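Next come the chains, spelled out residue by residue.
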Amino acid sequence: MVFLIAGFSFQGTELVGIAAGESEDPEKNIPKAVNTIFWRIIVFYLGTIFVVGAIIPYMEAGVNTSPFTMVFEKAGIAAAAFLMNAVILTSVLSCGNSGMYASSRTLYAMAKEGKAPKFLAKVNSRGVPINALILTTIVASACFLTGLYAEITVYVWLIAVSGLAGFVSWLGIAVCHYRFRKAYIAQGRDLTNLRYKAKLFHFGPIIAFILCTIVILGQGLTYFQADKIDWSGVISSYIGLPIFLLLWIIHKRRHNTKLVNIMEVDLYNTINQEILDIVQSENVG
């Protein structure tokens, strides 16, 4: 359960992949962003945990007061609670902004591929998928209201669903990355042509797959006791898993999809291949 909560805070770093589609000079900026994210997590996440743990005695720690507020109070900074509220507010706005961006762009991409209603593929004069953004805003606002009117039930379920969905996404990323590299090598392509090569391959995606599986399946084990089972806790913990499996099965049945052999993986679709041919012809010229 601790891993799930911690992972919920870490989730979002994978959005750099979605941002690549609208980034300036992605071949240079995206690998740079991926590399710096790791060190930012080490400094800002683990670094602050170390500082707080070194300053606040474990006897004083709790959930009633933010440990960061306690650190500022010990440093003699007045209005520490107001300062932390400002920091939390900016963090929430940033998180919401990234979520809106990712959701709207994902809906747009699905609509372009025929996996979502076509009206979601409409863009305005600036290239923003406006209908997908409006739908994302409506759903996000409705979910936000559950924190006011159904905090104990629906809100807790939404937190569990979103946290579990993040680990399911990471698990899928690990599988896709592993098979991509396998297909890339099997089809005789040179790894030096990749603009970004993930470190610790093959071990990286394998370790990520194992850890994500452990968290997904084990985060609700505390609700299974020898004498009784807390079904309310079990449902709130695993509610996202059957939803994902149901959507996955429906998609496979509807589109009759099968696992693609690594020798048949389309590493470059038609559009990307045309762009690659143009770039290569320009370099030759």
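Refer to the preceding data block for the structure.
Residues numbered from 1 in each chain as written. Predicted model: local features only at pLDDT ≥ 70, side-chain atom pairs only at ≥ 80, totals over all residues. Heavy atoms only, no water.

1. Overview of the overall build of the protein
Check the secondary structure of the protein and you find 11 helices and zero strands. From first element to last, N terminus to C terminus, the protein shows the α and β order α-α-α-α-α-α-α-α-α-α-α. Along the first, second and third principal axes, the C-alpha atoms of the protein reach 70 × 45 × 45 Å. Per-residue burial for the protein yields a buried fraction of 19% across its 285 residues. For the protein, the exposed surface amounts to about 20400 Å²; the carbon and sulfur share of it is 68%. Placing the 22 positive and 17 negative side-chain charges of the protein at their respective mean positions leaves the two points 5 Å apart. (Helix = DSSP H or I, 4+ residues; strand = E, 2+ residues; numbered from the N terminus. Buried < 20%, exposed > 50% of the residue type's maximum accessible area, 1.4 Å probe, protein only. Areas by Shrake-Rupley, 256 points an atom, 1.4 Å probe, with all protein chains shown as cover. Lys, Arg positive; Asp, Glu negative; His and termini not counted. Charge placed at Lys NZ, Arg CZ, Asp CG, Glu CD.)

2. Details of the environment of Ala226
Mapping Ala226 onto the fold places it in the loop between helix H8 (203-218) and helix H9 (231-238). With 191 residues separating them along the chain, Ala226 and Asn35 place their C-alpha atoms 46 Å apart.

3. Some details on the pattern of salt bridges
Under the counting rule described, the total for this entry stands at one salt bridge. Glu113 is the partner of Lys115 in a salt bridge, and the nearest nitrogen-oxygen pair spans 3.5 Å. Exposure remark for Lys115: the relative accessible area of 44% places this residue in the partly exposed category. (Salt bridge = Lys/Arg side-chain N within 4 Å of Asp/Glu carboxyl O.)

4. Regarding a nonpolar patch on the surface
A contiguous nonpolar surface patch, about 920 Å² in accessible area, is contributed by Phe8, Tyr155, Val156, Trp157, Ile159, Leu221, Phe224, Ile229, Trp231 and Ile235. Only helix H7 (154-186) and H9 provide two or more residues apiece to the nonpolar patch. Considering each element in turn, the nonpolar patch owes the most residues, four residues, to H7. Position of Tyr155 relative to the elements: it lies in helix H7. (Patch = residues over 30% accessible without salt bridge, like charges linked within 9 Å, V, L, I, M, F, W, Y side chains within 5 Å.)

5. Re the nonpolar core
Nonpolar side chains in soluble globular proteins tend to end up buried together. Listed in full, the 11 residues of the largest apolar core are Leu4, Leu164, Phe167, Val168, Leu171, Cys212, Val215, Ile216, Val234, Tyr238 and Leu241. Broken down by secondary-structure element, the contributors of at least two residues to this core are H7, H8 and H9. When residues in this core are grouped by element, the largest group, four residues, is from H7. Excluding residues within four positions of it along the chain, Val168 makes contact with Ile216 and Phe244. (Core = buried A, V, L, I, M, F, W, Y, C linked by side-chain atoms within 4.5 Å. Contact = heavy atoms within 4.5 Å.)

6. Observations regarding the packing of H7 against H9
Interaxial distance between H7 and H9 falls to 7 Å at its minimum, and their mutual angle equals 45 degrees. Here H9 runs oblique to H7, going by the angle between their axes. Between H7, through Val156, Trp157, Ala160 and Leu164, and H9, the contact on the second element is made entirely by Ile235, Ser236, Ser237 and Tyr238. (Axes fitted to C-alpha atoms, helices over the stretch in contact; angles between N-to-C directions. Parallel < 35°, antiparallel > 145°, perpendicular 65-115°, else oblique.)

7. Details of H8
In this model H8 runs 22 Å from its N-terminal to its C-terminal C-alpha over 16 residues, within 8% of the 22 Å that 1.5 Å per residue would give. If you check which residues of H8 are buried, you get Pro205, Cys212, Val215 and Ile216. One side of H8 holds all its buried residues, which, seen down the axis, span an arc of 95 degrees. Opposite the packed face of H8, turned more than 90 degrees from it, sit the exposed residues Phe203, Ile214 and Leu217. (Expected span 1.5 Å × (residues − 1). Arc of directions from axis to C-beta.)

8. Digging into the packing of aromatic side chains
What the rule picks out here adds up to four aromatic pairs. Summarising the aromatic geometry, the rings of Phe167 and Trp170 are spaced 5.4 Å apart at their centres and angled 70 degrees between planes, so their arrangement reads as edge-to-face. Note that Phe167 and Trp170 are positioned in helix H7 at a spacing of three residues, about one turn of the helix. The buried category is assigned to Phe167, whose relative accessible area is 6%. Taking the centre distance of 5.6 Å and the plane angle of 45 degrees together, the rings of Phe180 and Tyr184 count as tilted. One end of the pair, Phe180, and the other, Tyr184, are both in helix H7, four residues apart, so they sit about a helical turn from each other. For Phe180, a relative accessible area of 32% corresponds to the partly exposed category. Since its relative accessible area comes to 3%, Tyr184 is described here as buried. In this structure, Arg181 packs its charged tip against the face of Phe201, placed 4.2 Å from the ring centre. (Phe/Tyr/Trp six-rings, centres within 6.5 Å; stacked < 30°, edge-to-face > 60°. Lys NZ or Arg CZ within 6 Å of the ring centre and 35° of its normal.)

Structural measurements only, silent on function.
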